[in-house]
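In case you want the letters, here they are:
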Amino acid sequence: QYFLVSASLQDTLRYWELLHGEDYSAFAEKNCFQLNDTHPALAIPELMRLLMDERGLGWDQAWDITSRTMAYTNHTLLPEALERWSVELFRRLLPRLLDIIYEINARFLEEVSLRWPGDNERIRRMSLIEEGGTPAVRMAYLAIVASYSVNGVAALHSKLLREGLFSDFAALWPDRFNNKTNGVTQRRWLAACNPRLADVVTDAVGDGWVTDLSQLKTLEPLAEDAAFQERWRTVKLANKKRLAIDIKRRTGLSLDPNMLFDVQVKRIHEYKRQLLAVMEIITLYNRLKANPNAEVVPRTFIFGGKAAPGYFMAKLIIKLTNAVGALVNCDPDVRGRIKVVYLPNFSVSLGQRVYPAADLSEQISTAGKEASGTGNMKFSMNGALTVGTLDGANIEIREEVGEENFFLFGLTAQEVADTKAAGYRPRDYYDNNAALRQVIDQIESGLFCPGEPDLFKPLVESLLNEDTYLLLADYQAYVDAQDRVSEAYKDQTSWTKMSILNALRTAKFSSDRTIAEYCSEIWDAKAVPIELQDYNPDRPNAALRVPIHRGS
């Protein structure tokens, strides 16, 4: 982290000095460093060091420059992502930066004391140094104190930052906090990865949508046009066939592209609740075992994603998913009606095949835990319908595509907090729901891993004794939502209309909008027109070498 931020800062200062010499008076007007989470927060004391120790500026001038050039984006509410580096580590590796951080903290706490005299508890909470057995630097707090802008990446996330995680700082500097909902680029996640659908859209509205996604909205009347719907379905089926061929090559599993493709691809984490999706698969499996002649909408459940190397529970969830798939895929009672596939080595390249083929997007995180999500946007942009909670950008996606085109379930963020505050007892849900009890008992019994019958007991113990992410509380609502999905899928005319509207109403989730907001509301960066006639094929980068600075 230190190497990267120091190299970046030194390069910026070098370039500035080539143009302006040692006059740094306008530096903050022309430069901004956007801190992407806490990983580059060392840029703050390092810029102070470079300005004071190597350029001879005084503290006040260096701090004025630093605090007017740093802006901080928080990408997660999870505590493990909010870095805390031990003071001892700083002292050994970066002693000068530690001195600067302590001075920043001293001056900051003086400001807090003036605002809230005698409130020692608040001072302790807000200090950049976390005291205790192993004192540590709270890097997120350092980023807030030194930045003129602090933003979250979805409306709910930014609200939770202001009212929860960083509420003390929001009380001190309410105008410093803002929201910039994430976005994805339609040039990759529609035009490049789904050329068949791109052609359908372009034939109807022209190619202006590639740089102005809002143009898709003009096609909404076609959502009820039979010919347009048929073409839309043809594209979706072709994409599903393409993915099925890829999956056969990668896994050996043959899929019927006429099945509903139910997809959850993302980082494996307990709060994202891949385990809840697996529990619903087991529930459906149990229904069919009890009544092999039951009519169900055939589904292929597609999972993908990687776990952190040391994340035991996440790896166990991957193992369970594959184990359930191994049983379900070979059982003649359910053959042709349920398939489960886990895509190995999920990547952007593979994602470009997955998103266009999805019928249903699983966005089922515990409300209040997902900062934003971008996979949810990619799925919707490609015409997948969403089953999800009111979490992250799901809320805004639902607002844009219409409540009737979104399968909502589960507790809200406030209800999650209230449930925990009231003393959540997951075993009550286990005791009072026979279907849920059967699922958990089967996982614990070794049914899905008879060679190692105790393998999945840690998952069961976690669910029954803690259930930190409230899977049991949301289980029945999720099963009911999936039943609504199946019922809706039976009416292909209605489903196709919903699919079309999901794709056509995603303009808000273009990264063009996101970056435009950063430019206008944080960076004060004006657009710089690039004249295409200046393009020289012998020097392909020449026309792009236009230095863009704040205010220019």
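This section reports on the structure supplied with the text.

What counts and how
Residues numbered from 1 in each chain as written. Predicted model: local features only at pLDDT ≥ 70, side-chain atom pairs only at ≥ 80, totals over all residues. Heavy atoms only, no water. Disulfide = S-S within 2.5 Å. Pairing = 2+ DSSP bridges. Helix = DSSP H or I, 4+ residues; strand = E, 2+ residues; numbered from the N terminus. Contact = heavy atoms within 4.5 Å. Axes fitted to C-alpha atoms, helices over the stretch in contact; angles between N-to-C directions. Core = buried A, V, L, I, M, F, W, Y, C linked by side-chain atoms within 4.5 Å. Buried < 20%, exposed > 50% of the residue type's maximum accessible area, 1.4 Å probe, protein only.

Structural notes on the state of the cysteines
Link 1 in the chain: Per the counting criterion, the structure on display carries 0 disulfides.
Link 2 in the chain: Here Cys330 is not disulfide-linked; the sulfur of Cys449 is the nearest cysteine sulfur, at 14 Å.

A look at the sheet that holds strand β5 (residues 136–138)
Link 1 in the chain: The antiparallel open sheet is built from 3 strands, whose spatial order is β3-β5-β4. Lying at the two open borders of the sheet, with one neighbouring strand each, are β3 (84–86) and β4 (129–130).
Link 2 in the chain: Note: β3 against β5, 3 bridges, orientation antiparallel. Within β5, the position partnered with Trp85 by the bridge is Val137.
Link 3 in the chain: Across the sheet, helix α8 (residues 139–146) touches β3 and β5, and the angle it forms with β5 is around 45 degrees.

Quick look at the nonpolar core
Link 1 in the chain: Counting 69 residues, the largest nonpolar core has Met279, Leu320, Ile338, Phe407, Ile443, Phe456 and Trp495 as its most contacted members.
Link 2 in the chain: Setting aside residues no more than four positions away along its own chain, Leu320 makes contact with Leu275, Val278, Ile443, Phe448, Phe456 and Leu459.
Link 3 in the chain: Of all hydrophobic cores here, the second largest spans 58 residues; its members include Leu51, Trp59, Ala140 and Val150.

Concerning the pairing of strand β11 (residues 360–363)
Regular strands show a simple pattern: their side chains alternate between the two faces of the sheet.
Link 1 in the chain: Burial along β11 is two-sided: the residues Leu360 and Glu362 and Ser361 and Gln363 are all buried.
Link 2 in the chain: Relative to β11, strand β8 (residues 260–265) is paired through 2 bridges, and the arrangement is parallel. Bridge pairing in β11 links Asp262 to Leu360.
Link 3 in the chain: The pairing of β11 with strand β12 (residues 385–388) spans 4 bridges and is classified as parallel. Looking at the pairing, Ser361 lines up with Thr386 of β12.

Quick look at the environment of Ala106
Link 1 in the chain: Mapped onto the secondary structure, Ala106 falls in helix α6 (residues 95–115).
Link 2 in the chain: By relative accessible area, Ala106 is classed as partly exposed at 43%.
Link 3 in the chain: For the pair Ala106 and Thr211, spaced 105 residues apart in the sequence, the C-alpha separation amounts to 48 Å.

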